[in-house]
Amino acid sequence: PEAQPRNMILANTVSVPTAIILRYIYKPIAVWKTALTVALTVGFQTILGITHPPATAMASLFATSTRDLAGEWGMFGIVLIANVVVISTNTIFNNMSLQRQYPTYWGHIPARLYKM
């Protein structure tokens, strides 16, 4: 599932810096740069097994931002703090019920462990 804590935190940690780094390389806003940012972040997330579509959208927003580059890193910190708040809130409220459990998993279980 995409909305697990591991996916939320790690996907944003990969996606947003990718967008900021591409902004350092080529400062003017361009359609191809946004498309390249989205393609790279989807590729990185897939390779790492941490797909989280909202993180890709966040990278797209950071790629098209007109904010100064120094301020982008501060906004990146706010995004990570917001993710921690959302995960904490979801964990508390979903685990109040005996019929629900969140998160389903915290980390990645390699496929080789399933074969045991």
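Our subject is the structure that appears above.
These notes cover the structure that comes with them. None of these values were measured; they are calculated from a predicted model.

Cut-offs used in this document
- Residues numbered from 1 in each chain as written.
- Predicted model: local features only at pLDDT ≥ 70, side-chain atom pairs only at ≥ 80, totals over all residues.
- Heavy atoms only, no water.
- Helix = DSSP H or I, 4+ residues; strand = E, 2+ residues; numbered from the N terminus.
- Buried < 20%, exposed > 50% of the residue type's maximum accessible area, 1.4 Å probe, protein only.
- Contact = heavy atoms within 4.5 Å.
- Areas by Shrake-Rupley, 256 points an atom, 1.4 Å probe, with all protein chains shown as cover.
- Axes fitted to C-alpha atoms, helices over the stretch in contact; angles between N-to-C directions.
- Parallel < 35°, antiparallel > 145°, perpendicular 65-115°, else oblique.
- Left-handed = near helix turned anticlockwise from the far one by under 90°.
- Nonpolar A, V, L, I, M, F, W, Y, C, P; charged D, E, K, R; others polar.

Okay, the overall build of the protein chain next. When helices and strands are tallied, the protein chain shows 5 helices and 0 strands. When its helices and strands are written in sequence order, the protein chain yields α-α-α-α-α. The proportion of buried residues among the 116 residues of the protein chain is 34%. In the protein chain, the share of contacts with a sequence separation of at least 24, taken over all contacts with a separation of at least 6, comes to 70%. Carbon together with sulfur atoms contributes 70% to the accessible area of the protein chain, which is approximately 7,300 Å² in total.

Let us look at the packing of helix 2 (residues 31-48) against helix 3 (residues 53-63). The interhelical angle for the contact between helix 2 and helix 3, taken along N-to-C directions, is 150 degrees, at an axis separation of 9 Å. One element, helix 2, and the other, helix 3, form an angle in the roughly antiparallel class. As helix 2 runs across helix 3, the sense of the crossing is right-handed. On helix 3, the residues touching Lys33, Thr34, Thr37, Val38, Thr41, Val42 and Gln45 of helix 2 are Ala55, Thr56, Ala59, Ser60 and Ala63. For the contact of helix 2 with helix 3, the residue count by class is 5 nonpolar, 6 polar and 1 charged.

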